[in-house]
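A closer look at the structure
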Amino acid sequence: GFFQSYAVEVDIKDASNATCLYADWMMRFLITYESNNGDYKTTTLNLSSSVTHNGSVCGNDTQAALVAVQFGEGHSWSINMTKNNETYQGDIITLTYNTNDTAVFPDAKRKGPVTVLVKDPLQPVQLNTVFVCHNSYFIEAENVTQIFWNVTVQAFVQNGTVSKKESRCPADIPTSAPTVPPTIANVTTPSTTTLSPAPTTPPKPVENPDTGNYSLKSGNKTCFLATVGLQLNVSQDKPLLININPKTTIADGACGNTTATLKLNDGNSTLIGF
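Residues numbered from 1 in each chain as written. Predicted model: local features only at pLDDT ≥ 70, side-chain atom pairs only at ≥ 80, totals over all residues. Heavy atoms only, no water.

Details of the overall build of the chain
- A count of helical and extended segments in the chain gives zero helices and 20 strands.
- In the chain, which comprises 274 residues, the proportion classed as buried is 36%.
- Partitioning the intrachain contacts of the chain with sequence separation of at least 6 by distance along the chain shows that 50% fall at a separation of at least 24.
- In the form shown here, the chain has an accessible surface area of approximately 16700 Å², with 51% of it arising from carbon and sulfur atoms. (Helix = DSSP H or I, 4+ residues; strand = E, 2+ residues; numbered from the N terminus. Buried < 20%, exposed > 50% of the residue type's maximum accessible area, 1.4 Å probe, protein only. Contact = heavy atoms within 4.5 Å. Areas by Shrake-Rupley, 256 points an atom, 1.4 Å probe, with all protein chains shown as cover.)

Below, the structure is given as structure tokens:
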């Protein structure tokens, strides 16, 4: 129940009433904003139960396709997708959030709509192929983290039928287990001499995570300092332990008068916020 949001389904028809663009996905936004007393707060913007998709267009060889949705109290999100030879690809993602929505931004210092633009980082997809990503992935820009999951999208649909051929995101593709070479303990060697059984090697314990020093500055002064080793225990089909590597982890965030936010991004779709 971590991601509590509504799914969005957009099915755009062309002039002949055939599907030309289809998208079904879930998303939410973590937004850091300045309050009236100078503190920086992080709020969650979810999709509402009522979503419109005014302005969405099919696109063609010369015009980009556009998925545009509007929700809540003046919030909107869109992505345009371009076609290039045998592939299509997301181009610019535009999020506009309205700090006049007091339910989400109860004490925002800045009032009115705020627009954030970010380049879609995903790779091109072959035409007549649907892009699918069940696992969550993150896109960060300025003071906003966009989170997507259960994504199904196909632009420039051919013959009005969404393809059954899928292109999966990297997070959905399982990594193959390494081949374990034979050892003395599991190889039978013919012999007429009675041998003592070889000692079994105990499983290698998971190493403790390396300690990292993470800090934020306000002007030329450090306002947030964390010295910590981080390990995540993820409950999936099998327990998964993930050590956060300080050498590849980037610290970001903001400091206010009474509130500070530290965001750690390890570059492998793992985002931790304090």
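Describing the side chain of Asp39
- Counting through the fold element by element, Asp39 comes out in the loop between β2 (19-34) and β3 (40-46).
- Lys41 provides the closest opposite charge to the buried, salt-bridge-free Asp39, at an N-O distance of 5.9 Å.
- Apart from the residues within four sequence positions on either side, Asp39 is in contact with Tyr33, Glu34, Gly256, Asn257, Thr258 and Thr259. (Lys, Arg positive; Asp, Glu negative; His and termini not counted. Salt bridge = Lys/Arg side-chain N within 4 Å of Asp/Glu carboxyl O.)

Quick notes on the sheet that holds strand β18 (residues 250-255)
- What the three strands build is an open sheet, ordered β18-β19-β20; its pairing is antiparallel. Looking at the sheet topology across the chains shown, the edges are occupied by β18 and β20 (271-273). Each strand of the sheet is rotated relative to its neighbour by a mean of 15 degrees, with strand direction disregarded.
- The sheet contact formed by strand β19 (residues 260-265) and β20 spans three bridges and is antiparallel. Bridged to Lys263 within β20 is Gly273. (Pairing = 2+ DSSP bridges. Axes fitted to C-alpha atoms, helices over the stretch in contact; angles between N-to-C directions.)

Looking at empty space enclosed by the protein
- Under the criterion given, the structure shown has one cavity of 30 Å³ or more.
- Approximately 290 Å³ is the volume found for the largest cavity.
- What lines the largest cavity is a set of 22 residues, and nearest its centre among them are Ile79, Asp120, Tyr137, Val151 and Val153.
- If you list the elements that add at least two residues to the lining of the largest cavity, you get β2, β6 (75-84), β7 (87-98), β11 (137-141) and β12 (144-154).
- Its residues assigned to classes, the lining of the largest cavity shows 16 nonpolar, four polar and two charged. (1 Å grid on protein atoms, 1.4 Å probe; cavity = no way out; pocket = protein on both sides within 12 Å on 5 of 7 lines; lining within 4 Å. Points joined across faces, edges and corners; volume = space filled by probe spheres on them. Nonpolar A, V, L, I, M, F, W, Y, C, P; charged D, E, K, R; others polar.)

A word on the layout of surface pockets
- Approximately 310 Å³ is the volume found for the second largest pocket.
- If you go around the second largest pocket, you meet 16 residues; those closest to its centre are Thr32, Tyr33, Glu34, Tyr40 and Asn143.
- For the lining of the second largest pocket, the secondary-structure elements that each account for two or more residues are β2 and β18.
- The class makeup of the residues in the lining of the second largest pocket is six nonpolar, four polar and six charged.
- Both of domain 1 (7-172) and domain 2 (211-273) provide at least three residues apiece to the lining of the second largest pocket. (Domains from an automatic or database assignment.)

What to know about the state of the cysteines
- Under the criterion given, the structure shown has three disulfides.
- The disulfide partner of Cys20 is Cys58, and the gap between their sulfur atoms is 1.8 Å. Residues Cys20 and Cys58 are joined by a disulfide whose S-S torsion is about -65 degrees; by sign, that bridge is left-handed. Remark: Cys58 occurs in the loop between β4 (51-52) and β5 (65-71) and Cys20 occurs in strand β2; sequence separation between them is 38 residues. (Disulfide = S-S within 2.5 Å.)

Some words on the nonpolar core
- With 46 residues, the main nonpolar core has Trp25, Trp77, Tyr97 and Phe131 as its most contacted residues.
- Tyr97 has contacts with Ile31, Leu45, His75, Phe105, Gly112, Pro113, Val114, Val116, Asn143 and Val144, leaving out every residue within four places of it along the chain.
- Formed by ten residues, the second largest nonpolar core is a distinct cluster that contains Leu230, Ile244, Cys255 and Leu264. (Core = buried A, V, L, I, M, F, W, Y, C linked by side-chain atoms within 4.5 Å.)

A word on the pattern of salt bridges
- Tallied over the full model, the rule gives eight salt bridges.
- For Asp11, the salt bridge identified is with Lys13, shortest N-O distance 3.6 Å.
- Note that Lys109 and Glu34 form a salt bridge whose closest N and O atoms lie 3.8 Å from each other. Pair noted here: Lys109 is in the loop between β7 and β8 (113-119) and Glu34 is in strand β2, with a separation of 75 residues, a long-range link.

Quick word on the environment of Asn46
- Within the element layout of this structure, Asn46 appears in strand β3.
- Sequence-wise, Asn46 and Val104 are 58 residues apart; in three dimensions their C-alpha atoms are separated by 9.2 Å.
- Within polar-contact distance, the side chain of Asn46 engages the side chain of Arg28 at 3.5 Å. (Polar contact = N/O pair within 3.5 Å; in protein donor to acceptor, adjacent residues only side chain to side chain.)

A word on the pairing of strand β14 (residues 211-218)
- Summarising the sheet, β14 and strand β15 (residues 221-229) pair through eight bridges and their orientation is antiparallel. From the neighbouring strand, Tyr214 faces β15, where its bridge partner is Ala226.
- The loop that links β14 with its antiparallel partner β15 comprises two residues; one of these, Gly219, has a positive phi angle of about 70 degrees.

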